[in-house]
Amino acid sequence: MVNIYDSANQLEEDLRQTPEVADLKLAFEAVKANDLAFKLFDKVQNKQYELQQKQATGQEITNEDVEGMRQLTDQLQNYKEINNLMEKEQKMNSMMEELNKIISKPIAEIYQGEK
């Protein structure tokens, strides 16, 4: 019998060795090395979390919330380190989407067969 968790753990180890993960790590280290960029990055993450919590608890997200977030994200574009990090995140996300399609294929086939 197959132990799916062994396969998942192997996939984790394999992911750690991909160029995408290595590039993402280097890009994040570059953001952390620029104090101003990292502080802004952290501020944006905190604001995203705050808005997610509001949404999850049914609180209204105001125009002020949206405008505040827009202003922060506009500032991110001023840092090449952050732009590079976002590019590396996008590549990583593409790979993860492809892996998810592969992993989910047996389940998708079950439902596609029911049509």
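Quick caveat: nothing in here was measured; it's all calculated off a predicted structure.

**Focus on the pattern of salt bridges**
Part 1: As enumerated under the stated definition, the model contains 11 salt bridges in all.
Part 2: Linking Asp65 and Lys47 is a salt bridge whose minimum nitrogen-to-oxygen distance equals 3.7 Å. In this pair, Asp65 is assigned in helix H4 (residues 63-76) and Lys47 in helix H3 (residues 35-56), connecting sequence segments 18 residues apart. The exposure classification of Asp65 matches that of Lys47, with both residues buried.
Part 3: One connected set of salt bridges, linked through shared partners, spans Lys47, Glu50, Lys54 and Asp65.

**As for the packing of aromatic side chains**
Part 1: Enumeration over the complete set of coordinates arrives at 3 aromatic pairs.
Part 2: On the basis of an interplanar angle of 25° and a centroid distance of 6.4 Å, the ring pair of Phe38 and Phe41 is categorised as stacked. With Phe38 and Phe41 both in helix H3 and 3 residues apart, this pair spans about one turn of that helix.
Part 3: Given a relative accessible area of 12%, Phe41 falls into the buried group.

**Quick word on the confidence of the model for the protein chain**
Atom-level detail of predicted coordinates should not be read off regions where pLDDT is low.
Part 1: Overall, the prediction assigns the protein chain a mean pLDDT of 94, with 98% of residues at 70 or greater.
Part 2: Considering each helix and strand of the protein chain separately, the mean pLDDT is smallest for H4, with a value of 93, and largest for helix H2 (residues 19-33), with 98.

**Section: the side chain of Lys47**
Part 1: Classification of Lys47 by relative accessible area gives buried; the value is 16%.
Part 2: If sequence neighbours within four positions are ignored, Lys47 has contacts with Asp65, Met69 and Leu72.

**Considering the packing of H2 against H3**
Part 1: Remark: H2 packs on H3, axes separated minimally by 5 Å, with the N-to-C direction vectors making an angle of 105°. With respect to their mutual orientation, H2 and H3 come out roughly perpendicular. Contact residues: Phe28, Val31, Lys32 and Ala33 in H2; Asp35, Ala37, Phe38 and Phe41 in H3.
Part 2: When its residues are assigned to classes, the contact of H2 with H3 shows 6 nonpolar, no polar and 2 charged.

Each value, and the rule that gives it
Residues numbered from 1 in each chain as written. Predicted model: local features only at pLDDT ≥ 70, side-chain atom pairs only at ≥ 80, totals over all residues. Heavy atoms only, no water. Salt bridge = Lys/Arg side-chain N within 4 Å of Asp/Glu carboxyl O. Helix = DSSP H or I, 4+ residues; strand = E, 2+ residues; numbered from the N terminus. Buried < 20%, exposed > 50% of the residue type's maximum accessible area, 1.4 Å probe, protein only. Phe/Tyr/Trp six-rings, centres within 6.5 Å; stacked < 30°, edge-to-face > 60°. pLDDT = per-residue confidence, 0-100. Contact = heavy atoms within 4.5 Å. Axes fitted to C-alpha atoms, helices over the stretch in contact; angles between N-to-C directions. Parallel < 35°, antiparallel > 145°, perpendicular 65-115°, else oblique. Nonpolar A, V, L, I, M, F, W, Y, C, P; charged D, E, K, R; others polar.

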